[in-house]
Amino acid sequence: MSLQDLILNIAKGAREASREVARLGTAVKNNALLAMAEGIEKNSGFLKKENSKDLELAEKKGLQKAMMERLTLSDKVIKSMAGGLREVAALPDPVGEITGMRTRPNGLRVGRMRIPLGVVGIIYESRPNVTSDSAGLCLKSGNAVILRGGSEAINSNLAISKVLSDACKTSGVPEKAIQVIPTVEREAMLELLKLDEYVDLIIPRGGEGLIRFVVEHSKIPVIKHYKGVCHVFVDESADMGMAEKIAFNAKVERPGVCNAMETLLVHENIAKEFLPRIHKKYTDAGVEMRGCPETRRILKDVKEASEEDWSAEYLDLIVSIKVVAGFPDAVRHIEKYGSLHTESIVTSDYSNAMRFVNEVNSSTVLVNASTRFSDGGELGLGAEIGISTTKIHAFGPMGLEELTTRKFIVFGEGQIRE
């Protein structure tokens, strides 16, 4: 079978399966999700064995530390995958929800019903846990899913897919509702992106290069975010201890992910007090700091930040630091260099907190909390299928509702249009 025929058959199978999945009851879907979670836990040894093959090849290729971290199926990650599936099972089923019923002057009752999108294609890099998260969310929202992971995780993705598929077979879910493309050839992705007749939505998850490639070549609508240039603004009224904890966590806890902070903004009135404190913590953690002239006047050993640093997504233990003249200066910097992903303010001033929420136009805005909370699981979505910074259809972390759309439903008593 040619590669073109392989991908076409996968897409056709997904389209057929999507019709059945859309009709599944909530109980059937939840039982399947719980069986998938149990399968993940029971087969942890198998999953780690297959993952070790990917890790060995990645190490030989010299994959960056952050990418190796994303690729690893640790006991913690496996437990989180199973937990995510159980959380999705516990969430309300959005399919079939009817909202906005109203009666028109002619007696027609008009409302909207939430329905699945159909077939969702996920194209992603490195993180094999995306396979489980995406499959679970798509199943609960009544969609079939086609998963195309990166070549560096092919063994891990196929192993997870096998466990999930085995669980589905015993739960009344169509076999082709969850499919992983079993080849690493880039041509397979290009073939998938042509099939707008069978696939309703593409969600790319990975680096900016991958996402731009998908957008350029897809005939199918794409939900995307190019990069996560996230900011923490330490306002002049901030509690110093709180600001220190948040600025440290946002950068250091997991630097290789899109909700990690890349730029720290500090109000000029507290810079002399705050910067030495966070400097010590960053230094002890091995963080490279790049600063504006005022930052470097206070912290003598900090490297000079270039213009490119302010819009950089480092995905590493590197942070750019800028001292700002005040609230408006901080917001202007975020507007100019941000990526509409996630921003946080640390402040004790209620007025400034609400101004930040209202004026900063990113998909997730936090007050007195780390940017690391910009995550579907942390925000109560169970897991996330991706993050959108495009505002069309979805904005921010995407969960079950974002994998559905709404159709109009109309109830009449014989009315005709005059």
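Parameters and conventions
- Here the residue numbering is sequential within each chain, running from 1 through the sequence in written order.
- For a predicted model such as this one, the threshold for reporting local features is a pLDDT of at least 70, and the threshold for listing and counting side-chain atom pairs is 80 or more; totals across whole chains, interfaces and linings nevertheless cover every residue.
- Calculated side-chain values reflect all of the structure's heavy atoms, with hydrogen atoms and water omitted.
- Convention adopted: a line fitted to C-alpha atoms gives each axis, helices being fitted over their contacting stretch, and angles between N-to-C directions are expressed from 0 to 180 degrees.
- Runs of H or I in DSSP of at least four residues are treated as helices and runs of E of at least two as strands, each being numbered from the N terminus.
- Should an angle lie under 35 degrees it is considered roughly parallel, over 145 roughly antiparallel, and from 65 to 115 roughly perpendicular; all remaining angles are considered oblique.
- Left-handed describes a crossing whose near helix is turned anticlockwise from the far helix through less than a right angle; right-handed describes the clockwise counterpart.
- The contact definition used throughout considers only heavy atoms, calling two residues in contact when any of these lie within 4.5 Å.
- In this analysis, strands are considered paired if DSSP registers two or more bridges between them.
- By definition, no residue in a patch forms a salt bridge, and every one has over 30% relative accessible area; like charges are joined within 9 Å, nonpolar side chains (Val, Leu, Ile, Met, Phe, Trp, Tyr) within 5 Å.
- For accessible areas, the Shrake-Rupley method is used with a probe of radius 1.4 Å. Any residue's cover is judged against the shown protein chains and nothing else.
- Should a side-chain nitrogen of Lys or Arg be within 4 Å of a carboxyl oxygen of Asp or Glu, the pair is scored as a salt bridge.
- By definition, disulfides here are pairs of cysteine sulfur atoms that lie within 2.5 Å.
- Note on definitions: the grid is 1 Å and covers protein atoms alone; a cavity is a set of points where a 1.4 Å probe fits but cannot get out; a pocket is an open set with protein on both sides within 12 Å along at least five of seven lines; lining residues have an atom within 4 Å of a point.
- Grid points are joined across faces, edges and corners, and a volume is the space filled by probe spheres set on the points.
- A simple rule labels every residue: compare its accessible area, found with a 1.4 Å probe on the protein chains alone, to the largest value its type can have, and call it buried under 20%, exposed over 50%, or partly exposed in between.
- What qualifies as a polar contact is a pair of N or O atoms within 3.5 Å, subject to a donor-acceptor requirement within protein and to the restriction that residues adjacent in sequence count only when both atoms come from side chains.

## Let's talk about the packing of helix α3 (residues 44–60) against helix α7 (residues 154–169)
Here α3 crosses α7 at 160°, and the two axes come no closer than 7 Å. Comparing the axis directions of α3 and α7 gives the class roughly antiparallel. In the packing of α3 onto α7, the handedness of the crossing is right-handed. Taken together, the residues of α7 that come into contact with α3 (itself represented by F46, L47, E50, N51, K53 and D54) are I154, N155, S156, A159, I160, K162 and V163.

## Observations concerning the pairing of strand β2 (residues 109–116)
Both strand β1 (residues 98–103) and β2 contribute to a ladder of 4 bridges, which runs antiparallel. When the bridges of β2 are listed, R102 appears paired with V110. Here 8 bridges tie β2 to strand β16 (residues 404–411), and the two strands are oriented antiparallel to one another. Pairing of R114 across the sheet is with R406, part of β16.

## With respect to a nonpolar patch on the surface
A cluster of nonpolar side chains, Y350, M354, V357 and V367, forms an exposed patch at the surface whose accessible area comes to about 350 Å². At 3 residues, the largest contribution of residues to the nonpolar patch is made by helix α14 (residues 350–359). For V367, the location among the structural elements is in strand β13 (residues 364–367).

## Here we look at the sheet that holds β16
In space, the 3 strands of this open sheet follow the order β1-β2-β16, with antiparallel pairing throughout. A single partner strand is all that each edge strand has here, and the edge strands are β1 and β16. Each strand axis lies, on average, 20° off the axis of its neighbour in the sheet, ignoring direction.

## What to know about the state of the cysteines
Under the counting rule described, the total for this entry stands at 0 disulfides. Its sulfur unpaired, C292 is 20 Å from the next cysteine sulfur, which belongs to C230.

## Concerning empty space enclosed by the protein
Tallying each qualifying case throughout the model produces 1 cavity of 30 Å³ or more. R70, Y124, E125, R127, V130, R205 and G206 are the residues that line the largest cavity.

## A look at the side chain of S339
Within the secondary structure, S339 is located in the loop between α13 (327–337) and β12 (342–346). According to the relative accessible area criterion, S339 is buried, its value standing at 14%. Here the side chain of S339 touches V229 through a polar contact of 2.8 Å, landing on its backbone nitrogen. With residues up to four places along the chain from it excluded, the contact list for S339 reads K227, G228, V229 and T389.

## Looking at the sheet that holds strand β4 (residues 144–148)
Sheet architecture is open: 4 strands sit in the order β5-β4-β3-β6, paired in parallel fashion. Here the strands that pair on one side only, and so sit at the sheet edges, are β5 (178–180) and β6 (201–205). Neighbour to neighbour, the strand axes of the sheet diverge by 20° on average, direction disregarded. With respect to the sheet, α7 is in contact with β3 (119–124) and β5, its orientation differing from that of β5 by roughly 160°.

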